[in-house]
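Here is what each chain is made of, one letter per residue.
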Amino acid sequence: MMFKTKLFCSLLLICILSIVPSSADTELVKIPDIEFNPWLSFSQGDGINQLLWLSDDNGGILDGPFQGPMAFITDRNGNLWAGDTLNAKITAYSSRGRLIKSVDLVKVARSLKLASDPVLVDLCPGMPGKLLVGDAANNAVIEIDLRNAPARVFSAADSKKNAWLQINRLHSDGSGNIYLEDVAMRRTIVLDKNGKPFGKPLEGQIGLAIAKNGRTAILAADESGGKWRVLVSEKPGLPLRAFVSLIDDEPVIWASLQGYDALNRLHVIYDTPSSRYYLAITADGSMVRKYQTAHPEPGYDPTVTDWVDAKGRLYKVRITAANLEIMTLK
């Protein structure tokens with residue numbers, strides 16, 4: 001692995017933007033200058049410090065999902081965890097790029113007697129010391145104990161009427177509940193820490209952000225009018241209420257929830273025709289951070305392109321002709 005010092009983004013524009021809570025207006029906030037910089041860089045392959053992605057003869061990445069690593073996590077200690085789908089493994093690297101952990105998913109799947117070698121679509125932290133893996137090949141959630149206890153698997157068949165058709169995203173909360181987004185059925189299945197159904201499916205709720213205390217956020221869009229709102233529920237299954245609206249001088253053409261940090265601040269991304277915005281919003285609807293940048297291009301189609309860590313630090317991924325780079329703010 002090698003580190004790069006060349007800046008990825010030029011200085012970002014300064015502008016004024018407003019975000020309106022459901023109960024009261026917030027003051028306009030000035031957007032500071034920021035820079036995304038390369039943090040870790042990986043070459044292509046199956047070596048100990050490499051990640052694998054598929055490319056064509058001219059160096060471009062092949063179209064479609066599962067062409068490269070699908071998901072990433074940055075933990076409280078600043079370590080990167082990469083879901084290396086094509087190599088069927090999870091690898092963790094220190095902030096200086098040193099390999100600190102490698103999990104062979106094929107070996108795990110065989111210990112669980114799964115029908116197929118796993119295809120990682122997403123991963124997220126579970127209970128302390130555990131990782132949750134969304135396995136598209138077996139349509140199952142694999143729980144990996146990083147302290148070398150036996151792995152467990154939670155399958156759709158075990159949930160019966162709460163079964164899922166496919167796994168698209170995984171989340172968890174501080175109680176160990178697992179939130180499995182099924183875009184095909186347009187709902188989220190909630191499982192307890194032992195993989196048993198917890199309450200009713202969250203019908204129509206996908207694209208979630210889940211706080212450690214169980215607070216749930218989703219986006220509601222009137223895409224024709226460029227109007228987007230964030231709705232929240234204090235616990236899964238409780239009624240949703242309006243939280244904030246995304247308002248800009250230009251139409252909002254796309255939005256996504258990155259997730260919550262350790263201070264329960266919700267991190268939101270949205271695009272207008274000219275720019276991308278990164279927002280951080282407290283539990284009472286106050287906006288504490290706004291960043292603006294040009295539209296990024298990750299270069300392929302992973303499950304996770306942008307994420308936030310417990311401290312609220314932002315990350316994103318991009319693939320160039322020779323390297324996969326993890327970018328972060330200076």
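Summarised in this report is the structure supplied together with it.

Structural notes on the nonpolar core
Reasoning step 1: Formed by 47 residues in total, the largest nonpolar core has its most connected members in Phe72, Ile90, Leu324 and Ile326.
Reasoning step 2: The greatest single-element share of this core, amounting to 4 residues, is contributed by strand E9 (residues 120–125).
Reasoning step 3: In this structure, Leu324 is in contact with Leu40, Ser41, Phe42, Leu51, Trp53, Pro69, Phe72, Tyr300, Val317, Arg318 and Ile319, ignoring residues within four places of it in sequence.

Quick notes on the packing of aromatic side chains
Reasoning step 1: Evaluation of the coordinates by the stated rule reveals 6 aromatic pairs.
Reasoning step 2: For the pair Phe72 and Trp307, a centre-to-centre distance of 5.2 Å together with 10 degrees between the ring planes defines the contact as stacked. You can see Phe72 sitting in strand E5 (residues 71–74) and its partner Trp307 sitting in strand E25 (residues 306–308), a full 235 residues away along the chain. Trp307 shares its class with Phe72; the two are buried.
Reasoning step 3: Members of the aromatic cluster, each reached through a chain of ring pairs, are Trp39, Phe72, Trp307 and Tyr315.
Reasoning step 4: Lying across the ring of Phe243, Arg215 places its NZ or CZ 5.1 Å from the centre.
Reasoning step 5: Above the ring of Phe36, the side-chain terminus of Lys316 is found at 4.1 Å from the ring centroid.

Considering the environment of Ala322
Reasoning step 1: Along the chain, Ala322 turns up in the loop between strand E26 (314–319) and strand E27 (323–329).
Reasoning step 2: Sequence-wise, Ala322 and Ser41 are 281 residues apart; in three dimensions their C-alpha atoms are separated by 9.8 Å.
Reasoning step 3: Ignoring anything within four residues of it in the chain, the contact list for Ala322 reads Phe42, Ser43, Gln44 and Trp53.

The rules behind these values
Residues numbered from 1 in each chain as written. Predicted model: local features only at pLDDT ≥ 70, side-chain atom pairs only at ≥ 80, totals over all residues. Heavy atoms only, no water. Core = buried A, V, L, I, M, F, W, Y, C linked by side-chain atoms within 4.5 Å. Buried < 20%, exposed > 50% of the residue type's maximum accessible area, 1.4 Å probe, protein only. Helix = DSSP H or I, 4+ residues; strand = E, 2+ residues; numbered from the N terminus. Contact = heavy atoms within 4.5 Å. Phe/Tyr/Trp six-rings, centres within 6.5 Å; stacked < 30°, edge-to-face > 60°. Lys NZ or Arg CZ within 6 Å of the ring centre and 35° of its normal.

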